[in-house]
Amino acid sequence: MAKKKTKQSKIVDYNEQFAFYEQLWYFYQEKKGIIKRNYKVLTRAFLNYNDKSERKEAYLHTPQFEALEMYIFIKEFFKNKQVIEIFELWVKEEGDFSGRGYYKDGQHQLWDSYTKEQTEILFKQMEKYKTEYPNYIFALTMGLGKSRLMATCIYYEFLLANKHPKEPIYCYNALIFAPDKTVLQTLATEIREFDKTLVVPPEYAHILDTNIKIQFLEDTNTTINTIDNSMMNIIITNNQKIIVKKSHKEKSAAQKLFQDAPKQLKLLSGIYDDEEIIYDENMLEPNKRFQKLCRLPQLGVYIDEAHHLFGAKLMDDLASDKTTSFRTTINLLSQKLKKNKTEVVGCYNFTGTPYVEQQVLPEVVYAFGLKDAIREEYLKEVNIKGFGIKKDIEFLRAIVDGYTDTNGKKVQGFLDIYKGRTFEGLLPKIAIFTNTVDEIRKVVKPQLEKLLAERGIDIKTILVNVGDGNSDLTGNDEIRLFNQLDVPDSEGNKKQFILLCGKGKEGWNCRSLFGVALYRNTHSKVFVLQSTMRCMRKIRADNEPPKQETATVYLYQENYDVLEAELNKSFNMSIKDLSNANKKRSLLVKVKMMPPERPIKVKEKRVKYNISKNDNIQPIDFGIDKIDVSKYQITVIEKTSLANSNKGKSEIAVDIADNKQFTEYMLIFEIAKYFPLTGALKIEEILRTSFSGIENVLNIVNKYNQFLYDEIIPRIFAEIYTIDREITEEEREIILLKTPPDGGNDYYEFYADPALLAHVESIEYAKYKDISFHASHYVFDSKPELECFIRFLQSKDVKNVYFTGMFTDRKKTDFAVGYTDPVSNNYRNYYPDFLVQMKDGSYQIIEVKGDNLIDNETVLAKQAAAQGLTADSNMIYRLIAGSDANNPNIVNPNYESKVVKFPFVYKGTTDGYGMGMAADSAEKNADK
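Just so it is clear, the model here is predicted, and its values are computed rather than measured.

Caption draft 1: The arrangement of the overall build of the chain in detail. On a plain count of helices and strands, the chain comes out with 28 helices and 33 strands. Expressed as a percentage of its 928 residues, the buried residues of the chain come to 53%. The long-range fraction of contacts in the chain, counting pairs at least 24 apart against all pairs at least 6 apart in sequence, stands at 75%.

Caption draft 2: Region of interest: the sheet that holds strand β32 (residues 843-849). Strand order in the open sheet formed by four strands is β28-β31-β32-β33, and the pairing between neighbours is mixed. Every interior strand has two partners, whereas the edge strands, β28 (798-803) and β33 (875-881), have only one. With direction set aside, neighbouring strand axes in the sheet form an average angle of 20°. Across seven bridges, the pairing between β32 and β33 is parallel.

Caption draft 3: Structural view of the pairing of strand β25 (residues 748-752). Residue alternation in β25 divides its side chains into a buried set, Tyr748, Phe750 and Ala752, and an unburied set, Glu749 and Tyr751. As paired elements, strand β20 (residues 587-591) and β25 share five bridges and run antiparallel to each other. Opposite Leu587, over in β25, you have Ala752 as the bridge partner.

Caption draft 4: Here's a closer look at the packing of aromatic side chains. What the rule picks out here adds up to 48 aromatic pairs. Plain terms: the ring middles of Tyr59 and Phe194 are 5.8 Å apart, the flat faces sit at 50° to each other, and that makes the pair tilted. Of the two residues, Tyr59 is situated in the loop between α2 (41-49) and α3 (62-77) and Phe194 in the loop between α7 (181-193) and α8 (202-211); the sequence distance between them amounts to 135 residues. Here Phe194 falls in the buried class, since its relative accessible area comes to 4%.

Caption draft 5: Looking closely at a negative patch on the surface. On the surface, a cluster of negative charge is made up of Glu729, Glu731, Glu733 and Asp872. Looking at where Glu733 falls in the secondary structure, it is placed in strand β24 (residues 721-735). With relative accessibility at 44%, the residue Glu733 sits in the partly exposed group.

Caption draft 6: Quick look at the pairing of strand β16 (residues 462-466). β16 sits mainly inside the fold: five of its five residues count as buried. Here β16 runs beside strand β17 (residues 497-501); their pairing, made up of five bridges, is parallel. Residue pairing across strands places Asn465 opposite Leu500, the latter belonging to β17.

Caption draft 7: Layout of the pattern of salt bridges. Per the counting criterion, the structure on display carries 29 salt bridges. Note that Glu549 is salt-bridged to Arg421, the shortest N-O span being 3.0 Å. Residue Glu549 is found in the loop between α19 (525-532) and β19 (550-556), and its partner Arg421 is found in the loop between α16 (414-417) and β15 (429-433); the two are separated by 128 residues along the sequence. As far as the burial class goes, Glu549 and Arg421 line up, both buried. A network of salt bridges, in which partner residues are shared, links Asp228, Lys292 and Arg295.

Caption draft 8: Focus on the environment of Lys338. You can see Lys338 is positioned in helix α13 (residues 325-339). Considering only alpha carbons, one finds Lys338 and Cys294, 44 residues apart in sequence, at a separation of 9.2 Å.

Caption draft 9: View of the nonpolar core. Residues Phe73, Phe138 and Tyr302 are the most contacted members of the largest nonpolar core, which totals 106 residues. Every residue in contact with Tyr302, bar those within four places of it in the chain, is listed here: Tyr71, Met150, Ile154, Glu157, Cys171, Ala174, Leu175, Ile176, Phe177, Tyr348 and Phe350. Leu757, Val760, Ala775 and Val798 belong to the second largest nonpolar core, which has 59 residues in total.

Caption draft 10: Region of interest: the sheet that holds β16. Spatially, the six strands line up as an open sheet ordered β12-β19-β18-β15-β17-β16, and their pairing is parallel. Strand pairing shows two members of the sheet lacking a second neighbour, β12 (381-387) and β16, which therefore form its edges. In this sheet, neighbouring strand axes are inclined to one another by 20° on average, regardless of whether the strands run parallel or antiparallel. Pairing of β12 with β19, which is carried by seven bridges, proceeds in the parallel orientation.

Caption draft 11: Focus on helix α25 (residues 706-720). Along its 15 residues, α25 runs 21 Å from first to last C-alpha, staying within 8% of the 21 Å computed at 1.5 Å per residue. For α25, the principal kink sits at Ile712 and spans about 25°; a proline, Pro714, occurs within the next four residues. Listing the buried residues of α25 in full gives Phe707, Leu708, Ile712, Ile713, Ile716 and Ile720.

Caption draft 12: Geometry of helix α15 (residues 392-400). All of the buried residues along α15 are Asp392, Phe395, Leu396, Ala398, Ile399 and Val400. Downstream of α15 by a residue or two, Gly402 has a phi angle that is positive, lying close to 90°.

Caption draft 13: Region of the structure containing unusual backbone geometry. A cis amide bond links Pro595 with the next residue in sequence, Pro596, at an omega value of 0°. Summarising the element assignment, Pro596 is placed in the loop between β20 and β21 (599-613). Look at Asn229: it is not a glycine, yet its phi comes out positive at around 65°. Non-glycine residue Glu377 carries a positive phi angle of around 65°. Note that Glu377 resides in the loop between α14 (370-375) and β12.

Caption draft 14: Molecular detail of a nonpolar patch on the surface. Together, Tyr609, Ile611, Phe717 and Ile723 line one region of the surface with nonpolar side chains, adding up to about 390 Å² of accessible area. You can call Ile611 exposed: its relative accessible area is 53%.

Caption draft 15: View of the environment of Ile303. In this fold, Ile303 is placed in strand β7 (residues 299-303). Residue classification places Ile303 among the buried residues on the basis of a relative accessible area of 4%. Distance in space between the C-alpha atoms of Ile303 and Tyr348 is 6.2 Å, their sequence separation being 45 residues.

Parameters at a glance
- Every chain begins its residue count from 1, and numbering advances along the sequence as written.
- Given that this is a predicted model, residues contribute local features only at a pLDDT of at least 70 and side-chain atom pairs are listed and counted only at 80 or more, while totals for whole chains, interfaces and linings are drawn from all residues.
- Only heavy atoms go into the side-chain values, all of them from the structure, while hydrogens and water stay out.
- Secondary structure elements follow DSSP: runs of H or I no shorter than four residues count as helices, runs of E no shorter than two count as strands, and numbering proceeds from the N terminus.
- Categorising residues by exposure relies on relative accessible area from a 1.4 Å probe, with only protein chains included: less than 20% of the type maximum marks a residue as buried, more than 50% marks it as exposed, and the intermediate range marks it as partly exposed.
- Residue contacts are defined here by distance: any two heavy atoms, one from each residue, within 4.5 Å place the two residues in contact.
- Following DSSP output, two strands are said to pair if at least two bridges run between them.
- Note on geometry: axes are lines fitted to C-alpha atoms, helical ones only across the stretch in contact, with angles between N-to-C directions running from 0 to 180 degrees.
- The pairing test for Phe, Tyr and Trp rings, Trp by its six-membered ring, is centres within 6.5 Å, and the orientation test on the planes gives stacked under 30 degrees, edge-to-face over 60, and tilted for anything in between.
- Patch members must show over 30% relative accessible area and no salt bridge, and they are joined within 9 Å when carrying like charges or within 5 Å when they are nonpolar side chains of Val, Leu, Ile, Met, Phe, Trp or Tyr.
- All accessible areas in this document rest on Shrake-Rupley with a 1.4 Å probe, and a residue is counted as covered only by the protein chains that are shown.
- Each salt bridge in this description consists of a side-chain nitrogen of Lys or Arg and a carboxyl oxygen of Asp or Glu lying within 4 Å of one another.
- Residues scored as charged are limited to Lys and Arg (positive) and Asp and Glu (negative), so that His and the chain ends carry no count.
- Here the site of a charge means atom NZ of a Lys, CZ of an Arg, CG of an Asp or CD of a Glu.
- Throughout, nonpolar core names a set of buried Ala, Val, Leu, Ile, Met, Phe, Trp, Tyr and Cys residues whose side chains join them through atoms within 4.5 Å.
- In a helix, the anticipated span is given by 1.5 Å times the number of residues less one.
- Bend at a residue means the angle formed by two fitted axes: the first through the 7 residues ending at that position, the second through the 7 residues beginning there.

Printed below as a string of structure tokens:
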């Protein structure tokens with residue numbers, strides 16, 4: 001979608017489809033295995049601990065973990081390069097992007113003339129907003145846990161800085177900015193009470209517990225009590241407590257008389273409310289807190305809820321071309337730290353959206369939007385109602401009692417929609433926002449009490465929470481009850497109608513909130529967007545099958561129009577998009593096994609390994625003179641001019657690699673750890689009698705540590721032990737779909753997109769029930785899968801075709817291929833999309849993948865495992881690109897997609913497990 005020109009930018013015709021953060025993510029996904037192997041050992045342990053594919057009980061959900069992956073990717077792989085520097089390398093295919101090739105988007109090459117225009121636009125944009133320190137934006141919509149993600153990133157920084165104190169890429173200290181006092185208090189509470197072992201391996205968590213010092217600057221009288229040049233300090237504040245601003249007042253005679261008295265700093269009374277003033281560094285008076293921060297080394301700046309401005313001001317704040325108070329403070333901090341021979345390591349902005357005025361912010365490195373969060377069920381769905389109502393009582397009655405539409409259909413009000421239901425022990429609640437306290441006092445509260453009384457509902461279910469010191473409406477008891485709204489069995493949980501003024505827009509996390517109403521029209525567009533999103537946080541119903549819940553928003557028509565415009569500007573979506581975000585997966589389908597169970601006979605190869613120790617060990621040739629050192633070297637590309645299109649000068653850096661320096665005995669004992677039965681003395685003998693001698697081995701290992709693990713240790717193992725393998729083959733039956741276990745339902749539940757659903761009894765599929773449908777419904781993930789199914793279903797050469805990709809659980813099917821994950825090196829189960837039996841008796845195992853994933857490392861590992869499994873049998877494995885799925889020729893087993901590449905040539909028998917072997921069987925034997 002083309003973008004309109006705005007006051008904030010001259011950029012036009014920018015298409016979000018070409019956002020750089022997406023291309024960065026594609027590159028990381030494709031090269032993840034190689035990238036992670038170059039991470040620090042501690043980094044890999046930290047990532048694996050938070051990866052659900054490695055540890056099922058990992059705390060972070062997918063968007064949080066992906067953002068953490070991107071955070072670490074930029075940190076350790078790109079060494080904190082600025083986004084514009086990474087972008088330039090990507091555009092010119094230089095450095096780490098050398099030979100990256102073309103990414104595919106559907107059937108079109110992403111790298112065309114139009115894309116080049118986009119990159120030129122982006123380059124100019126990034127250049128305009130460039131700061132002297134790295135600046136990154138992580139855009140995760142509300143409710144996805146940005147605060148805890150931020151805490152996780154800080155814990156990672158502190159652990160790595162503690163382990164590698166000489167590495168300049170890590171943050172020793174963290175300064176966290178929150179936008180206002182409400183968010184500030186919520187953030188401070190979350191970080192203080194956050195159980196570190198949820199995201200930090202327990203063996204490392206104690207390091208943080210012992211050393212982290214948290215300081216919360218709640219008001220302007222709070223001082224920063226840090227030790228100069230210390231580490232692991234977290235200072236939580238908002239810019240009012242730190243920001244520097246020029247003094248407009250001329251000093252009085254008394255002030256001039258007492259020149260030695262502490263200088264007075266005029267603090268801002270609001271956030272970004274003085275942006276029209278252009279600040280001159282020479283006129284700024286840094287306060288004591290600012291001076292204290294300048295004495296903390298390697299400072300990371302974290303900005304929480306940067307999206308609180310929801311609009312064009314966010315672009316101003318994140319940009320440096322306009323010297324706003326907030327940005328000037330960080331710029332000054334960077335300059336002062338450099339004078340102290342340290343630096344601002346980076347500025348990490350955590351926002352709710354990558355968009356401003358429909359335009360992607362240039363320094364976004366990860367984004368997970370509102371529509372995606374609803375579709376993936378991280379948030380509630382939302383039903384938004386706009387009322388062209390003139391009388392206040394009519395609006396409130398529509399909320400409480402509902403209304404009848406022009407067709408005579410009764411539309412339920414809030415009370416009836418959620419009647420008799422509880423959610424994780426909590427009653428459903430609705431927040432009614434007003435513009436003034438008088439509206440609550442004189443109109444909303446009395447009329448709501450009347451409506452509830454008519455329904456026989458206790459008016460004590462109403463709770464009022466207002467600002468401005470209205471103690472007659474909101475005292476300590478009301479605040480206590482407000483804080484208990486999400487506490488089961490509490491008095492606060494009994495409150496269901498929450499009347500708010502000046503409260504609850506930001507930093508208020510009430511998961512049991514199922515409704516929001518904006519009473520009358522508001523003058524603040526930001527207020528409309530902020531308040532309507534308060535009710536979307538995820539929660540599960542009690543005593544009901546798990547499903548995505550729906551919240552309801554009630555608006556006057558004018559506010560409805562404002563919300564439409566603000567969603568479009570801030571999230572590049574409409575109210576229709578918001579309300580229908582998850583309609584594609586809204587249909588709950590009860591899938592039954594169609595009897596009888598389909599047994600498939602397969603040949604299974606089993607490999608038995610026999611290991612024996614050699615008594616006569618010969619001198620070993622470690623191949624030092626033949627080593628390809630290029631894979632261990634660090635290449636530095638120097639480019640002296642951005643204007644020059646030349647690739648630049650490439651050099652090998654020999655003194656910056658993170659290589660441990662071994663002595664002879666350190667090396668001997670390091671190797672001996674892997675051979676406990678052999679002993680250190682024998683290892684020493686092996687090294688000294690080798691072709692190279694221990695001195696040359698030591699020299700090469702100290703230059704390239706990884707050579708020890710790639711070549712030295714494996715070659716010693718191969719000389720000490722002889723491994724023989726015995727391969728046996730047996731035929732057995734596997735079940736494509738198992739009957740649900742006794743004692744439960746006789747069906748499996750799936751959420752489906754109606755457009756991607758095939759039902760055995762439907763008109764278009766009923767005639768094929770004899771050759772397909774081992775399940776009553778097939779729930780496809782994508783259109784290419786459905787198209788591929790139809791092609792095989794209609795072919796005269798096909799005897800049976802079964803869609804198996806929806807059953808990804810060993811309790812449901814035996815149809816699984818064991819493979820080794822190249823990223824984690826763990827043994828896993830892979831469930832192919834289709835099993836096709838041809839009329840000539842042969843079988844095809846088929847996987848349909850998007851064009852951009854064809855060369856993905858994990859996809860190729862699955863392909864290699866499946867090809868090894870089907871070798872020397874009447875089965876073949878085929879990987880079909882999404883763009884080819886509707887091609888009539890795909891039924892032919894000899895048809896080769898122009899997109900699909902087959903880099904693995906399988907020879908001989910597989911060393912893995914057979915079809916249907918459970919992954920845990922391999923894990924139990926992995927150590928053997």
